[in-house]
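Geometric and topological summary
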Amino acid sequence: MILVWLYFGDLSGVSLFVVHLKCGFELLPQPPTITHQSPKDYIVDPRENIIVRCEAKGKPHPSFSWTRNGMHFDVDEDPKVAMKPHSGTLVIDISGGEKAEMYEGVYQCTARNEHGTAVSNNIAIRQSRSPLWSKERNQPIVVQEGVALVLECRPPAGLPPPIVFWMDNSKPRKLSQSPRVSQGLNGDLYFSNVVPSDSRSDYICYARFPHTQTIQQKQPITVRVMNNGPAEDRRPTFLVPQGTTSSKMVLRGHVLEMECIAEGLPTPEVSWVKVSGELPHNRLSLLNFHKTLRITGVTEADAGQYRCTAKNRLGTIHHTITVNVKAAPYWIMAPNNLVLAPLENGQLICRASGNPKPAISWAMNGVPIHNVPHDPSRRVEDDTIMFTDVQSGSSAVYQCNASNDHGYLLANAFVNVLAEPPRVLTPPNKVYQVIRNKPAILDCSSFGSPLPKITWFKESRSSVLDGDPYTAHDNGTLEVRTAHSSNSGKYTCVARNSLGISENHVYLEVKEPTRILKQPEYKVVLRNRDVVFECKVTHDSSLMPTVTWLKDDDELPDDERFVVDVDSLTIKDVTESDAGTYTCIMNTTLDQDSASAKLTVVEYPDPPSDLELTDHRSRSVQLTWTPGDDHNSPIKKFLIQYEDALHDHGKWHNLTEVPGTKTTAHLKLSPYVHYSFRVLALNSVGYSEPSQPSQQYKTNPAAPDENPAGVKATGTEHNNLVISWKPMTALQSNGPGLQYKVSWRQKNVDEWLSSTVANVSKFTVSGTPTFVPYEVQVQAVNKHGAGPEPGTVVGYSGEDLPVAAPDNVQVRVVNSTLADVHWDPVSAESLRGHLNGYKIYYWRERSLHKRNPHHSEQQILTFNGNKTHGKLPGLHPYSIYNLNVRVFNGRGDGPASSTKQFKTPEGVPGQPSFLRITKPSLDSLNLEWGPPAHPNGLLTGYTLKYQSVNSTNDLGPVEKLKLPPNETSMTLHNLKYSTRYKFYFSAETVKGQGPSISEEAVTVIDEAMASRQVDIATQGWFIGLMCAIALLILVLLIVCFIKRNKGGKYPVKEKEDAHADPEVQPMKEDDCTFGEYSDSEDHKPLKGSRTSSNGTVKRDDSDDSLVDYGDVGDPQFNEDGSFIGQYSGKKERDTAECIESSEAPSPINAMNSFV
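An unreviewed UniProt entry annotates the protein chain as Neuronal cell adhesion molecule originating from Denticeps clupeoides. Per its UniProt entry, the protein chain bears the Subcellular location (unreviewed entry) comment "Cell membrane". Under the UniProt heading Sequence similarities (unreviewed entry), the note attached to the protein chain is "Belongs to the immunoglobulin superfamily. L1/neurofascin/NgCAM family."

**Notes on the sheet that holds strand E40 (residues 430-435)**
Spatial strand order, E40-E47-E46-E43: 4 strands in an open sheet with mixed pairing. Strands at the two margins of the open sheet, each flanked by one partner only, are E40 and strand E43 (453-458). Neighbour to neighbour, the strand axes of the sheet diverge by 30° on average, direction disregarded. Pairing of E43 with strand E46 (residues 489-497) involves 6 bridges; the strand directions are antiparallel. Opposite Thr455, over in E46, you have Val494 as the bridge partner.

**Topic: the sheet that holds strand E84 (residues 969-972)**
Judged by pairing direction, the sheet is antiparallel, and its 3 strands sit side by side in the order E80-E81-E84 without closing on themselves. Edge positions in the sheet fall to strand E80 (912-918) and E84, since each has one partner strand and no second. Between one strand axis and the next, the sheet turns by 20° as a mean value, whatever way the strands run. Both E80 and strand E81 (residues 925-932) contribute to a ladder of 6 bridges, which runs antiparallel. Counterpart to Arg916 in the pairing with E81 is Glu928.

**Side note on the environment of Leu922**
Mapped onto the elements, Leu922 comes out in the loop between E80 and E81. A relative accessible area of 32% places Leu922 in the partly exposed class. Once the C-alpha coordinates of Leu922 and Ser978 are considered, the two residues, 56 residues apart in sequence, prove to be 7.1 Å apart.

**Side note on the side chain of Asn312**
By secondary structure assignment, the location of Asn312 is in strand E28 (residues 304-312). The exposure class of Asn312 is buried, given its relative accessible area of 9%. Within polar-contact distance, the side chain of Asn312 engages the backbone oxygen of Arg234 at 3.0 Å. Ignoring sequence-local partners within four residues, the contact set of Asn312 consists of Arg234, Arg235, Pro236, Gly264, Leu265, Pro266, Thr267 and Pro268.

**Digging into the pattern of salt bridges**
Going through the model one piece at a time under the given rule, you end up with 42 salt bridges. A salt bridge links Asp559 to Arg561; its shortest N-O distance comes to 3.0 Å. Exposure remark for Arg561: the relative accessible area of 17% places this residue in the buried category. Salt-bridge contacts for Glu988 lead to Lys962; the nearest nitrogen and oxygen are separated by 2.6 Å. With Glu988 in strand E85 (residues 980-989) and Lys962 in strand E83 (residues 959-963), the pair connects residues that are 26 residues apart, well separated along the chain. By relative accessible area, which is 16% here, Glu988 ends up buried. Taking the relative accessible area as the measure of exposure, Lys962 reaches 55% and is therefore exposed.

**Comments concerning unusual backbone geometry**
Leu159 connects to Pro160 through a cis peptide bond whose omega is -5°. Within the secondary structure, Pro160 sits in the loop between strand E13 (149-151) and strand E14 (163-168). The omega torsion across Asn355 and Pro356 is 5°, close enough to zero to call that bond cis. Relative to the elements of secondary structure, Pro356 occurs in the loop between strand E32 (351-355) and strand E33 (359-364). Unusually for a residue other than glycine, His86 sits at a positive phi of about 55°. One can find His86 in the loop between strand E7 (81-83) and strand E8 (90-92).

**Side note on the state of the cysteines**
Under the definition given, this model contains 6 disulfides. At a sulfur-sulfur separation of 1.9 Å, the disulfide partner of Cys260 is Cys308. On the S-S bond that ties Cys260 to Cys308, the torsion sits near -75°, and the link is left-handed. Remark: Cys308 occurs in strand E28 and Cys260 occurs in the loop between strand E23 (256-259) and strand E24 (261-265); sequence separation between them is 48 residues. Residue classification places Cys260 among the buried residues on the basis of a relative accessible area of 0%. Of note for the protein chain: the bonded cysteines, numbered N- to C-terminal, pair according to 1-2, 3-4, 5-6, 7-8, 9-10, 11-12.

**Focus: the pairing of strand E73 (residues 807-815)**
Summarising the sheet, E73 and strand E74 (residues 818-824) pair through 6 bridges and their orientation is antiparallel. Paired with Asp807 across the strands is Asp824, a residue of E74. Once E73 ends, the chain turns through 2 residues before running back antiparallel as E74.

Rules of the game
- Residues numbered from 1 in each chain as written.
- Predicted model: local features only at pLDDT ≥ 70, side-chain atom pairs only at ≥ 80, totals over all residues.
- Heavy atoms only, no water.
- UniProt positions renumbered as here; feature names shortened; annotations may be inferred.
- Pairing = 2+ DSSP bridges.
- Helix = DSSP H or I, 4+ residues; strand = E, 2+ residues; numbered from the N terminus.
- Axes fitted to C-alpha atoms, helices over the stretch in contact; angles between N-to-C directions.
- Buried < 20%, exposed > 50% of the residue type's maximum accessible area, 1.4 Å probe, protein only.
- Polar contact = N/O pair within 3.5 Å; in protein donor to acceptor, adjacent residues only side chain to side chain.
- Contact = heavy atoms within 4.5 Å.
- Salt bridge = Lys/Arg side-chain N within 4 Å of Asp/Glu carboxyl O.
- Disulfide = S-S within 2.5 Å.

This is the structure:
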């Protein structure tokens, strides 16, 4: 048995696959199959030709014939009837005046070839009809107001039935309907009760026949409503349907319509319930003012009892409709075409349902099954035909008919007995592309009889693919449940049956997914600004994504303000209409990713409006307003401002704020103010423009509610007291004639003194004792009274200079640059004011060094507060200092204490002032130096270190010499000729060795060698060689010069920078020399110090608090603790120190290399 499965894993290959499938079957025999036919109930338009469709396929192509009313219909006998070429479709030409009704009847098409016969449904052809309304004369209808009325329509029966409606010819339009007046399902017009306005002479019913597009009109009906007094109210009764119960039958799948139209006064209201269950709300509609209940797609579950209820204030009436649901036959399992190989088994199943249950009958090639010859391989059992060991040549078309009282179903299914080797129908070498981690479907559609078995292989065919991650489906498709890169490659599907084998190759490419890495983000932007949505994507390199931007799931507006870039969308000059949701869609041929973000366009809110003052009181008023548009940014708060037209006209002041959810405020007011109010709204963008001012509101004057703030009492002279305060504003005055009553008394004295002043903010009391406490008060007074009792403030009269100096001043020298000073505090009585602190006056008397006498200017170190000790930093070593201590208050310094003298000990010396190397010879160099500018003590000697530097910048062993302090020059002998030397020179005191200064020098070459070179230079050949060498040297010098200008260092210098000062370098174990050559000696800080990021040398951590150094900002110290810049020695260097110390090789040196 052959089942042909068509599975399209990739819809892009559908057309190619269909063509290939057609090519695979075009040579195979196939019984006929009906492909198109006219509907069973075929109503034709008598004005057009009749076309009865019947199309079929088969191999060979089938021939066609027709029956009419069960009899053979000879197409050739009627010249008006023709059959289309290669088709069974009939064309009946009635354009010559023939009547369509001549060709009414039941038609059936037969399509046959040598392998079987297929038949169509019975096609009942009927002519559409639109008969005229019967002639009638309608008498006027006279009715009493309030009674019920039914206007009958009774349209002529048409085919199909007409659409009925009532018209208002005075408009013209359809007659207006209401719960009181409505049209029933039968077309009649029902009045639950009539009113005088129902009187008219043109009630006309129309019938429209859709097939012929004609409209028929009933004769007009005249209605006259009489008013013979008020109508009596009455309970509802049903006009349709009659009685209390009724029944209705509907077919499954059709539309169920039920109506209940009631009359009564007042007009009844109609409602529906299902007695035996719930109404199907998803398929239910209440029409015609709830008088009609419609259910679409009826199922068996819709059977049951439905109750409609009509109700007015006088009563209620019910009607129950029992609904029975029947069903024309419908398929449970329609028979499918069957392809079998010889000796195979199979079956055709024709299973249908309906109500009542349909009867199943079978036919073969259009002949009832019981009338065809017996075939032992075929057995019929009710709705199933079973085939066993079928034989070649037993192909046929079987018809299954399922029918009951409500209709029938007819299905054709062929049994095609074939013997065919396998054929793979999937196009060869097809490439499937799939996204990583997605399922991949590889097709292997095949045909063969017997049914081929499909197996799949990958690459080398080492094993059949079936099992994780692969799934081989029955239709031959191979599924990779989750594709990974390792699944890419060549796949082979093999179709095999007993008659042969066929194979096909396909390719799978697994691509990286397209993902949006940076999604657009929610934006809130101010109107007229620009906004940018980013949308950055990663994708497979072989797939080029296309970006699409949508606004609110639609295309972007056609506006040049929208600029789409590779990974962004820019909207320029944003307007409010640009607000919405923007979606970035990244598409490739295989997948897509999308991300959305919302844009909210905001701007300053509109100003509030409609300001109104209510609830007027002496000290308060109620203010209400209407908010303006917030422009997509909720109002956070409202700011209420006021203008005082009496005291400060034209100037607005903030009064209060209220939350943005409120539109009213209760305002507290001050007396003696002419108020105008305005309101500003605040959102996330900012404040709105102010509203229009409110009407003016005036308050009456009153005594002050408060006294001046900021009252102070201080002295400016030793014998006065100045009382000051913050002047009160006009708003605080509460009335005219504002004055201040100033009161004072010495503390602990009972009597108050006072004075009243105006238009000032201070008052001076003269003749007070020095620095004594006073109590003061300031009270506001106007023409309407005094303010509340004022508070008391304590202050002091003026200060005078202190009269006593600190006693017991002691000095402790900590080190060569730091001293610790202690003193006893002065008494409060002698202070005569507030204690501000103490000052140390100190100066350097002279240096203890005989060659360097010195006298520096006096310096001051201040210690605020009640301090009794302090530290003096930044002193010069080996010097004599003097100091005294003074107390100070707000008036100034007191007298000085007795002067104390102290000495600072010796310290480490400074760098030698200079080092010069002169008189270079073959094996000696002359060194000259100057003593340190700051010896910081008595020099005990000098230290000289030196080492050689060879042509590759490697360093030789370090030689060290000690020199006496009184020497300023020396000659260094026994040096190597033509050799560069590096020198480090430093001074020493008893405290140790100071920083070194460094220099370089080169000894001269051997004179004998020079004479030999001169002799060689007289040779002609050598002159040419030297010219060439000189030219090469010149080029090298130019190159080195360019490189030096760019890089800033020459080779030897780079080598020097790579090594530290031999003073701190570890010694090599083998030769006791320093590791490498360095010239950075004179740039290194002393041991035990550190260099900050700005180059300042700072002392290591100390236990001394910076507070002990006085209030002098952030002092910085050098390595010995002294102030930087106070006595820092000027570092002298020879001009040669600024020149590159690595000399370029001379031609003579070059010649030495050849000797």
